[in-house]
Each structure stands twice: as C-alpha cells, then as structure tokens.
Amino acid sequence: MANPAFFRPVFDALATSGVIGDPSGKPAYAYLRVSDSDQAEEGRSGLPRQIQHVHEAAKRDGYKVPWDLVFADDHSGFVFEDRPQLSQLRSEIRSPRRRADAVIIEELDRLSRHADWHQGFLLDEMSNKQITVVFWRSYSSRIERSVMGAVAQESMEQQKQRMKEGKLHKARSGRVTATSPAYGYKLVDSNGEEGLAARRDTHYATQDTEYPVVRLMYERVISGDTLRGIAHDLEEAGIPPPKQYRHWEPTQIRLIIRNEVYKGDFYAHRWEHRKEDRLSDDGLTVRTVSRKVERPRDEWIHVPVPAIVTEDEWHAANRMLDQNRRMARRNALQPYLLTGLIRCAVCGYRYSGSTSHRNHGKPRPRPSRAYRCTNAAARPRHVIEEVGCDNGQLLCDVLDTAVWGILCDVLLQPAVMIETIEAEATDERNTRLQEQIAYLETAITEKGDDDERLFRAYMAKVFDEEEYAEKRRMVTSEREKMHEERDRLKGLVITPEQVEARTRELLAFAEEIRAAALPIDPPFALKQKIIKMLVNEIVLHVRDGWFALEGALSGVYPLTPPETPGKLPIVSTRIGTDSSPPSAENWPGKSGCRWPG
C-alpha cells in the first residue's frame, strides 16, 4: 500500500482483531481523500478524522475494514484520474478477484467535489459492478445526494476564489504570499516575531544560520567557482540543504542565484497555471497538461523584503552564470541520433550525448562520442553514490547501429508495427475512456430533458421569470461543462479512423523507404526522422548489455548480436549488482523514478 502512514496509529487504536467497524461483519473497502488546501486547513487531521467516521459507518452497517483495504489519497488534485489510490481502488473493484463488495466513504465530496459528472460517473461505475457505497453521512435520496454534490463543488470554487483574492490582498498590503520561506529567510509577523501570527501576517526576515550560506554562494559564483564544486563543498561541510532536499545539488544553487528575492524583491502574482492540450508521443491522442506560465510583468505585485546581497552583487553573480552557460563545452552542440529518447534502466534518468577530445589528459586521435546517464554526468558524487546508479557510458556507434539495424528489419515487415497500433486501440485505457464518454453523453441528454421540464414548469407558473432564468442558467452551465469534458476525453481516445490513418501512413512510409532503395546508412536527418516516428523511448542497461524499445516498435534487445564474439564495447561502467531486463511496467522511467527533491 502507498497509503500515508501518519494516520495508521489512529486506525490501530480503533481496530479490533486488525479491523475497524464490526469485527464479525462483511469485508469492505474504505476510501479517504484530502487535498492540499484541506491539509493546510486541518493540520493533517483530515485523514485521521475520516478513518474515525469510516469506523463508525462500518460498525453501524455491519462491515469490517482491514488496513490493506484502506485507500487514501493525500494531497490529491481535482481530477479523479490523477489520484493513484482511487485508481487502484477502481482497478480492484473491476477485478474478478476483488476482496469486498462495499466501499465506505465519509462524505460524497471525499469521492469528488465535481458534481458536474465525476460523482455520478464514479457512483454509477461502482453500482454497475454491484458495489454497495456506504456514506458516514447518509443521503435520503438521489436528489439530496445531487444537491449536496453541487454544494460541495460550489464550496470548492468559492474557496479557490477566496484564496486567490486573499493572496492578492496580502501582497498589496506589503506582505509576502509564500506559505514556506525561501532559503535564507524565515516568516515573521509585522512585529518581527515568529509563531502562529506569522502564518497570517507574513513578512520575511533573514534566518541566522542560512543567511551566511547564501552570501557564500554569491561570493563563490562571482569569483568563478562552478555550481557543482560549491554543492560538493557545502555537502562536505555538513551544511543542511533546503528542507525539501536531501543533498546539495547545482540546480538548487542556480535557482538561489537567479532568485530576485535575495536582492530584496519579492514578487507576488507572478505565475499562473494554465491547462492546455498537447499531442501525445503516439501522434494520435491529445492530453491535457497544466503548465506554469509567467504573467505579464505589469501584473506582478512587488513586495520589498530584507536583502541578503546588494543589487550589484546579484547582477554580477547572474552575469557569471550567463557567461558560464555560453562558454560551457557542452554547448558546442553536435547532433546525436537518439537525442531525447534514451532513459537509464537503473535510475530512470535520461541519457545525453557527449563528445570527449581527451583520454586521461592526452588528446585523442579522433573525438569519442558516447551516451551517458545525466544522473552521473551533472550531479555531485555524494548524490550519485546514494542513488546507486551503476549504469555506464556507451559509445554512440554501438547503440545507434543496434537500434537502426532493428528498425531496418521492421521497415521490411510493416505488419509488426500495424499490429502494435491496432492493439493500442483496444487496450483497457481506451475502453475506460469510452465508458466515461458514454456516461457523459447520457448525462448531457438528461440535462436537455431537465431544460425542457423547467420550461414546462415555468409555463405552468410553478415559479416566476427570475427563478426560471436562474435555474436555466445553472442547467445550461452544467451541460456546457459536460460538453467540454466529453470533447476533451474524445481527444484522448484512439479511434478506428485514427488507427486506419496511421496504418496507411506507416505503409506508405515503408513503401517510400523501399522504393527509394535507400543505402544501408542513409542521411542523418532521414535516419533520425524514421527512428522518432517508430520509437518513443529507449530504456538502456549498459552493464548488462540490453536495451528496450517503446512505441510503434516494442521489445527488449541485446546491444550486440548473439553471434558476435568478443567483449561489449562499453566506454565505462561502475561496480554494481547483477540485473536482468525488467518488465515494461517496472521500468524506472515508467514510475517516474526521480531523486527525492
């Protein structure tokens, strides 16, 4: 289980024989959820409170809930697909080997605050699978449940708006809007005192132990020291990094040097999150992503804070960073065939291309080009050692040749690619999207019927013109939101028409390649175009001598053909334990494996 562990003692205190509720009752799942705002509001009491209420509801209705049937999302978002524990619960409910036939939830808004369709879809999904949904707060009818759902959503929207207006008011009154202080600062109230008051009346004051560390960073950057060297020295000196990190790294120092707050300028209302649609790697589906965007400068709100460095020192340090970037050897860019496609099978970081002109300090007869894991390439040794990545560098020619050889074989057999594309159109993800779209289509039709009933009620003088206008506005607004969500989901579905179009494109492309009678080694740009059309990602394990392709072409392959004798031409490796090619779902890149912080 990936449940947050901090509320386990509350569960244990309520449990009898390892279960909460009625020890002799029927087994049931429990679902709990808190959002970021809930956590700030409730001081991490949200999940313990909910587990208490689940216990009461289970005991009341004759259910028992063991810990391994508790699913809790901590710091969840507003979109139910993004909640890992809810997704796991839904998968379990759909499984023929599920362990219970009931789900206990504190209140309806814990399932979702979106009354437009999320609540109805999730409840219908559970009902269709013969799952009984038990609420701690009971609802006497479907109408009451719908009303309470609408109230929860309206409350959420109002809360978000109040938070936004509260931050703007704070900034305009000369207070910082940060919930946690930047490194080198602490939060104080208008009297310069720390404590609870400083959480509401927020001002910056310099922090005694971190202030000199920030000064030291600026001084060393101005003197020409590298960020990696500074990070190494801070780590060796035992100076604690910012609290959200475990170790000092160059990126942290660069962000501190770039931050204008250190010359006394805090800016509120500078960033916003915008949702936008982007084409997925497969070229067929569209996905909605949230992107952090800087607002126009005239919308920023300036809040003066105590400066740690002078304006001249700030500009001098930033000029040095700019100069280092311009002069860095890696910026003498050279094309690499597999740029952006390779991921380390050990630590999950990307591989990048690099060119070496020297060997142990002596000039090479010709430059050596290799792919290497960025985890080891740009991070201090103390970080590399703890991550434990033992994946080495690999000559570009070795991997380029291996990947290109496989693609050449496939281009002569396009049926392999077509089979993969057709499988994507029938996978479980596509099926779930179609189910959500079908639900929304039905809900949109029902909203149209509601509109017609409202009109008939108005004509029968059940309510006046003003009431009719307000009720119709609400129905129309809900229907428009459902239309938007349906259209968004449709963009994520791989349709038969898209499969047919992609198949025609690939067949035509393969025929074009064959008809052109390309040489074994075609021009670089054409070769790269072919690779990026068929491969989304390459997972590489240098020491064990294998790589895996994902995309229109998938599979695990050796770096050298089995009949090729001799040693694998590896540039370098580091000592590590044995491993074997993992299954696709267990690749570090799949689970978003990143260094904490």
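Residues numbered from 1 in each chain as written. Predicted model: local features only at pLDDT ≥ 70, side-chain atom pairs only at ≥ 80, totals over all residues. Heavy atoms only, no water.

Caption draft 1: Here's a closer look at the overall build of the protein. Looking only at helices and strands, one finds 20 helices and 21 strands in the protein. Going through the 597 residues of the protein one by one, you find that 43% of them count as buried. In the protein, 70% of the contacts between residues at least 6 apart in sequence involve partners at least 24 apart. Summing over all exposed atoms, the protein offers an accessible surface of approximately 32,300 Å²; the carbon and sulfur share of this is 51%. (Helix = DSSP H or I, 4+ residues; strand = E, 2+ residues; numbered from the N terminus. Buried < 20%, exposed > 50% of the residue type's maximum accessible area, 1.4 Å probe, protein only. Contact = heavy atoms within 4.5 Å. Areas by Shrake-Rupley, 256 points an atom, 1.4 Å probe, with all protein chains shown as cover.)

Caption draft 2: Quick peek at a negative patch on the surface. Together, Asp464, Glu465, Glu466 and Glu467 make up a region of like negative charge exposed at the surface. Relative to the helices and strands, Glu465 resides in helix H18 (residues 465-492). Classification of Glu465 by relative accessible area gives exposed; the value is 58%. (Patch = residues over 30% accessible without salt bridge, like charges linked within 9 Å, V, L, I, M, F, W, Y side chains within 5 Å. Salt bridge = Lys/Arg side-chain N within 4 Å of Asp/Glu carboxyl O. Lys, Arg positive; Asp, Glu negative; His and termini not counted. Charge placed at Lys NZ, Arg CZ, Asp CG, Glu CD.)

Caption draft 3: Structural detail: the pattern of salt bridges. Following the criterion strictly, the structure yields 32 salt bridges and no others. Ionic pairing is found between Arg98 and Asp101, a salt bridge with its closest N-O pair at 2.9 Å. Because the salt bridges share partners, they merge into one network encompassing Glu260, Lys263, Asp265, Arg270, Glu294 and Arg297.

Caption draft 4: Quick peek at the sheet that holds strand E18 (residues 535-541). Here 4 strands make up an open sheet; going across it, the order is E14-E18-E19-E20 and the pairing mixed. Because the sheet does not close on itself, it has two edges, and the strands there are strand E14 (342-344) and strand E20 (555-558). For this sheet, the mean inter-axis angle between neighbouring strands, taken without regard to orientation, is 30 degrees. Pairing of E18 with strand E19 (residues 546-551) involves 6 bridges; the strand directions are antiparallel. Paired with His541 across the two strands is Trp546, which belongs to E19. Against the sheet, helix H15 (residues 396-411) makes contact with E14, E18, E19 and E20, and its axis sits at roughly 50 degrees relative to E19, the strand it touches most. (Pairing = 2+ DSSP bridges. Axes fitted to C-alpha atoms, helices over the stretch in contact; angles between N-to-C directions.)

Caption draft 5: Region of the structure containing the packing of aromatic side chains. On inspection of all chains with the given rule, the structure shows 10 aromatic pairs. In textbook terms, an aromatic cluster arises when at least three aromatic residues are bridged by ring pairs, as seen for Tyr185, Tyr204, Tyr218, Tyr262 and Phe266. Positioned above the aromatic ring of Trp314, the side-chain terminus of Lys263 is 5.2 Å from the ring centre. Across from the ring centre of Tyr267, 5.3 Å away, lies the NZ or CZ of Arg297, which sits over that ring. (Phe/Tyr/Trp six-rings, centres within 6.5 Å; stacked < 30°, edge-to-face > 60°. Lys NZ or Arg CZ within 6 Å of the ring centre and 35° of its normal.)

Caption draft 6: Highlighting the nonpolar core. Residues Tyr204, Met217, Tyr218, Ile253, Tyr262 and Phe266 are the most contacted members of the largest nonpolar core, which totals 36 residues. Broken down by secondary-structure element, the contributors of at least two residues to this core are helix H7 (142-172), strand E8 (185-188), helix H9 (211-222), helix H10 (227-236), helix H11 (250-258), strand E10 (265-268), strand E13 (301-304) and helix H12 (311-327). When residues of this core are assigned to their parent elements, the largest contribution, 5 residues, is made by H9. (Core = buried A, V, L, I, M, F, W, Y, C linked by side-chain atoms within 4.5 Å.)

Caption draft 7: A look at helix H3 (residues 46-61). Here H3 contains 16 residues, and its C-alpha end-to-end distance of 23 Å stays within 8% of the 22 Å for a straight helix at 1.5 Å per residue. For H3, the set of buried residues is Gly46, Leu47, Pro48, Gln50, Ile51, His53, Val54, His55, Ala57 and Ala58. Positive backbone phi, at 80 degrees, marks Gly62, one or two positions downstream of H3. (Expected span 1.5 Å × (residues − 1).)

Caption draft 8: Geometry of H11. All of the buried residues in H11 are Pro250, Gln252, Ile253, Ile256 and Ile257. Considered in projection along H11, the buried side chains sweep an arc of 160 degrees and stay on one side of the axis. (Arc of directions from axis to C-beta.)

Caption draft 9: Region of interest: the sheet that holds strand E4 (residues 63-66). Pairing is mixed across the open sheet formed by 3 strands, whose spatial order is E1-E4-E2. Each edge of the open sheet carries a strand with a single partner, namely strand E1 (19-21) and strand E2 (26-27). Along the sheet, H3 makes contact with E1 and E4, crossing E1 at roughly 70 degrees.

Caption draft 10: Region of interest: the confidence of the model for the protein. Looking at the protein as a whole, its pLDDT mean stands at 76, while 74% of the residues score no less than 70. Across the protein, the secondary-structure element scoring lowest on mean pLDDT is strand E21 (residues 570-572), at 36, and the one scoring highest is E4, at 95. The low-confidence segment residues 37-44 (pLDDT under 50) makes 14 contacts with residues lying over four places distant or belonging to another chain. Confidence drops under a pLDDT of 50 for residues 147-151, and excluding neighbours within four residues, the segment shows 7 contacts in the predicted structure. (pLDDT = per-residue confidence, 0-100.)

Caption draft 11: Local environment of the packing of H9 against H10. Closest axis-to-axis distance for the H9/H10 pair is 10 Å, and the angle between their directions is 145 degrees. Crossing of H9 against H10: the hand is right-handed. Between H9, through Val213, Leu216, Met217, Arg220 and Val221, and H10, the contact on the second element is made entirely by Leu227, Gly229, Ile230, Asp233 and Leu234. Among the residues making up the contact of H9 with H10, the classes are represented as 7 nonpolar, 1 polar and 2 charged. (Left-handed = near helix turned anticlockwise from the far one by under 90°. Nonpolar A, V, L, I, M, F, W, Y, C, P; charged D, E, K, R; others polar.)

Caption draft 12: View of the environment of Arg172. Note on placement: Arg172 falls in helix H7. When the C-alpha positions of Arg172 and His302 are compared, they lie 8.2 Å apart, and in sequence the two are 130 residues distant.

Caption draft 13: Expanded view of the environment of Lys490. Tracing the backbone through its elements, the reader meets Lys490 in helix H18. Along the sequence, Lys490 and Ile437 sit 53 residues apart, while their C-alpha atoms lie 7.2 Å from each other. Sequence-distant contacts of Lys490, that is, excluding residues within four places in its chain, are made with Ile437 and Glu441.

Caption draft 14: Representation of the side chain of Arg343 in the model. With respect to the helices and strands, the residue Arg343 is situated in strand E14. Within the local environment of Arg343, its side chain forms a polar contact with the side chain of Glu537, the two groups lying 3.0 Å apart. (Polar contact = N/O pair within 3.5 Å; in protein donor to acceptor, adjacent residues only side chain to side chain.)

Caption draft 15: Local environment of the packing of H10 against H11. Axis separation between H10 and H11 bottoms out at 8 Å; the angle between their running directions is 110 degrees. Taken together, the axes of H10 and H11 are roughly perpendicular relative to one another. Together, Leu227, Arg228, Ile230, Ala231 and Leu234 of H10 and Pro250, Ile253 and Arg254 of H11 make up the contact between the two elements. Partitioned by chemical class, the residues of the contact of H10 with H11 number 6 nonpolar, no polar and 2 charged. (Parallel < 35°, antiparallel > 145°, perpendicular 65-115°, else oblique.)

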